[in-house]
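Spelled out, the chains give:
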Amino acid sequence: MEITTVKDCDMEKYITEIMLDVGVPAHLKGYHYLRDAILLSGRDMEAVTSVTKLLYPEIARRFKTTDQKVERAIRNAIEVSWNRGNTKTFEKMFGYSALSGRTRPTNSEYIARIADKIRLDIKAM
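Residues numbered from 1 in each chain as written. Predicted model: local features only at pLDDT ≥ 70, side-chain atom pairs only at ≥ 80, totals over all residues. Heavy atoms only, no water.

**Q** Hey, could you go over the side chain of Ser 81 for me, with residue numbers and the actual values?
**A** Topologically, Ser 81 is positioned in helix α5 (residues 67-84). Setting aside its immediate chain neighbours within four residues, Ser 81 contacts Val 22, Gly 23, Val 24, Phe 90 and Tyr 110. (Helix = DSSP H or I, 4+ residues; strand = E, 2+ residues; numbered from the N terminus. Contact = heavy atoms within 4.5 Å.)

**Q** Outline helix α7 (residues 107-124), supporting the account with residue identities and numerical values.
**A** Spanning 18 residues, α7 covers 26 Å between terminal C-alpha atoms, matching the ideal 26 Å at 1.5 Å per step. Within α7, the full set of buried residues consists of Asn 107, Tyr 110, Ile 111, Ala 112, Ile 114, Ala 115, Ile 118 and Ile 122. Those residues of α7 that are buried are in contact with α1 (8-22), α2 (29-43), α3 (46-49), α4 (51-63), α5 and α6 (87-94). (Expected span 1.5 Å × (residues − 1). Buried < 20%, exposed > 50% of the residue type's maximum accessible area, 1.4 Å probe, protein only.)

**Q** Quick one: what's the story with the packing of aromatic side chains, residue by residue and with numbers?
**A** In total, this model carries seven aromatic pairs according to the counting rule given. Seen in terms of ring centroids, Trp 82 and Phe 90 are 4.9 Å apart; in terms of plane orientation they differ by 85°. Their pairing is edge-to-face. The pair formed by Trp 82 and Phe 90 is uniform in burial state, with each residue classed as buried. With 6.3 Å between their ring centres and 50° between their planes, Phe 90 and Tyr 110 make a pair best called tilted. With a gap of 20 residues between them, Phe 90 in helix α6 and Tyr 110 in helix α7 connect regions that are remote in the sequence. For the pair formed by Phe 90 and Tyr 110, the shared burial category is buried. Grouped by ring-pair contacts, the aromatic residues Trp 82, Phe 90, Phe 94, Tyr 96 and Tyr 110 constitute a single cluster. Of note, Arg 102 hangs over the ring of Tyr 96, and the distance from its end group to the ring centre comes to 3.8 Å. (Phe/Tyr/Trp six-rings, centres within 6.5 Å; stacked < 30°, edge-to-face > 60°. Lys NZ or Arg CZ within 6 Å of the ring centre and 35° of its normal.)

Rendered as structure tokens:
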């Protein structure tokens with residue numbers, strides 16, 4: 001099955017499950033921006049290669065805000081999940097966690113890894 005054949009609402013549900021498992025708090029603005037970023041990246045991995053020129057401006061347009069605010073909110077959401085989230089899920093998904101002493105993944109690494117996981121999971125269906 002290709003990712004383009006999956007409905008956006010089904011993709012959002014799946015992305016939401018992963019984000020909650022990783023520990024991104026739903027009350028943060030970055031949570032919503034991150035979910036959209038992962039959805040867009042899952043559909044077109046080219047978006048991850050140019051987050052500042054493609055991804056952040058698109059999300060900012062959708063939420064009627066600025067790219068800088070989108071980037072900062074996503075960074076904050078990742079930071080919170082990195083420090084408070086499920087370390088076992090991080091180990092499984094990224095190969096490391098805060099317990100291993102490594103710094104958190106960058107915004108683009110985080111988005112790309114989750115988007116890639118979703119693409120692979122859907123292809124396996």
